[in-house]
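# Breakdown of the fold
The residues making up each chain are set out below.
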Amino acid sequence: MLQNYFLLYIDPGTGSMLFSILIGAAATLFFLAKAAWLKIKIIFAGKKDGSTLDTSYKKYVIYNEGNQYWNLFKPICDEFEKRKLELTYFTSAEKDPCFEQNYTYVKPEFIGEGNKAFAKLNMLSAGFVLMTTPGLNVYQLKRSKNVKHYSNILHAASDATMMKLFALDYFDSILLTGDYQKADIKTLEEQRSIKSKDLITVGCPYLDYNKTLMDEIPQEKNHKFTVLVSPSWGPSALLSKYGEKLLDPLSKTDWRIIIRPHPQSKKAEPEILESLQKKYSSNKNIEWDFDKTNTYSMKKSDIMISDFSGIIYDYTFLCDKPVMYVNADLNLMPYDAYDLKNLNNGKDIWQFDILNKMGIEIKEEMFEKLPEAIKNASDSKELSEIRKNAKNAAWMFQGSGAKNTADYMIKTIEG
């Protein structure tokens, strides 16, 4: 019997894009149904207790999903307060520091967490809405027909594509820390045939503010050599993947070792942290930092060990000190960077490329002799120059991030 065989070939770039679209579509349908049901519940709950849903128009709105972003939004709030312009500040952090600021023109309001917050935002009436929250019109967070402009402001001076798939696709504008971030966003827009966004480089209010905090921390009189271990979170991150293997050699030194887990670790992987804290509880040279801001640990340390965390760039740009990193073979598939890498023929994104140049890589087989590697980690004029150039590229308009952000918000609404 004669049989015909048909072979359908899909190139890797197209295949990954189709896979991404299928995942996004399925997740969107699921969260759309959940958000719609919650919206109905909120409306009927309001009618039942006699309250009314606030649908009044708000010209300028900030949404803060957690305390970890306060250092980004504070200088912007201060800018609106200085200009005597009313700003509505919605937050999902019940103990948001904004409530303690005694602002006159900035109006903070706790709107709950998760779906409760999204349901309120989805029915918002506003001019300009600014947030760090990704995934507008992808998951629970939907565009309100009564909002003129949605803007996402990057909270780190690293690649915009190191967010989950479609994170920035449906915003009207993205506020960048450096011009280098524009090209990758435009490449994804073209590939996905989506509407182009305003890509505005404003600088980094977060780094501007942290610099002022760091400058206020006094130098230690009797300084002890200090190593800062500050990883990201998740299965590919330093503590999750290596844990004791990495920390054991450090615990045996007479150095001060500060371990600062990613804020998300306490929520997503508490068992790992509890296990490690218990193991090293008797080590007097090891301390854990869970503070809201990372400036203290960065200022006190002499060298940092990390993985793919954005804190590498905070540390490099604010402290100008050496960084050691472990290449954790991060799986990029859940991120926009995965599609971008296929489109760019495997070329690394900026933050990985620059890390290879300015960082000192350590491999797992080096862990036992890690203290020796740290002692031999030499800084040089060449590394210092690479750090300087990276800082100038990724953190533009230093000191003016909040002003530039407020200017753009006002210009967009006022014309």
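The residue numbers shown here count from 1 along each chain, following its written sequence. Restriction of local features to residues with pLDDT of at least 70 applies here, the model being predicted, together with a cutoff of 80 or more for giving and counting side-chain atom pairs; totals for whole chains, interfaces and linings are based on all residues. To obtain the side-chain values, all non-hydrogen atoms of the structure were used and water was disregarded.

### Points about the pattern of salt bridges
- What counts as a salt bridge is simple: a side-chain nitrogen of Lys or Arg found within 4 Å of a carboxyl oxygen of Asp or Glu. This structure, assessed with the given rule, holds 24 salt bridges.
- Asp248 is the salt-bridge partner of Lys279, the closest N and O atoms lying 3.8 Å from each other. Of the two residues, Lys279 is situated in helix α9 (residues 270-279) and Asp248 in helix α7 (residues 244-251); the sequence distance between them amounts to 31 residues.
- Here Lys279 falls in the partly exposed class, since its relative accessible area comes to 37%.
- A 1.4 Å probe rolled over the protein chains alone gives each residue an accessible area, and that area as a share of the maximum for its type sets the label: buried under 20%, exposed over 50%, partly exposed in between. The exposure class of Asp248 is partly exposed, given its relative accessible area of 24%.
- Counted as one network, the salt bridges with shared partners bring together Glu79, Lys82, Arg83, Lys403 and Asp407. Strands here are runs of E lasting at least two residues and helices are runs of H or I lasting at least four, both read from the DSSP assignment and numbered beginning at the N terminus.

### Digging into the side chain of Thr226
- Mapping Thr226 onto the fold places it in strand β8 (residues 226-229).
- Residue Thr226 is classed as buried on the basis of its relative accessible area of 0%.
- In this view, Thr226 contacts Arg256, Ile258, Lys300, Ser301, Asp302 and Ile303; residues no more than four positions away in its chain are not counted. A contact between two residues is defined here by any heavy atoms of the two lying within 4.5 Å.

### What to know about the packing of helix α11 (residues 311-319) against helix α13 (residues 350-358)
- Where α11 meets α13, the closest approach of the two axes is 12 Å, and the angle between their N-to-C directions is 50°. Classified by the interaxial angle, the pair formed by α11 and α13 is oblique. The chirality of how α11 crosses α13 is left-handed. Judged by residue contacts, Ile312, Tyr313, Thr316 and Phe317 of α11 engage Trp350, Gln351, Phe352, Ile354, Leu355 and Met358 from α13.
- Classification used: nonpolar for Ala, Val, Leu, Ile, Met, Phe, Trp, Tyr, Cys and Pro, charged for Asp, Glu, Lys and Arg, polar for all others including Gly. A breakdown of the residues in the contact of α11 with α13 according to their chemical character gives eight nonpolar, two polar and no charged. Between the N-to-C directions of two axes lies an angle of 0 to 180 degrees, each axis being a line fitted to C-alpha atoms and, for a helix, fitted only over the stretch in contact. Roughly parallel here means an angle under 35 degrees, roughly antiparallel means over 145, roughly perpendicular means 65 to 115, and every remaining angle is called oblique. With the far helix as reference, a near helix turned anticlockwise by less than a right angle produces a left-handed crossing, and one turned clockwise produces a right-handed crossing.

### A short note on the sheet that holds strand β6 (residues 173-176)
- Pairing between strands is defined by DSSP: at least two bridges between the two strands are required. Read from one edge of the open sheet, seven strands run β3-β2-β1-β4-β5-β6-β7, paired in parallel fashion. The open sheet terminates on both sides in strands that have one partner only, identified here as β3 (106-110) and β7 (198-201). Adjacent strand axes in the sheet meet at a mean angle of 20°, parallel and antiparallel pairs treated alike.
- Summarising the sheet, β6 and β7 pair through four bridges and their orientation is parallel. Bridge pairing in β7 links Ile174 to Leu199.

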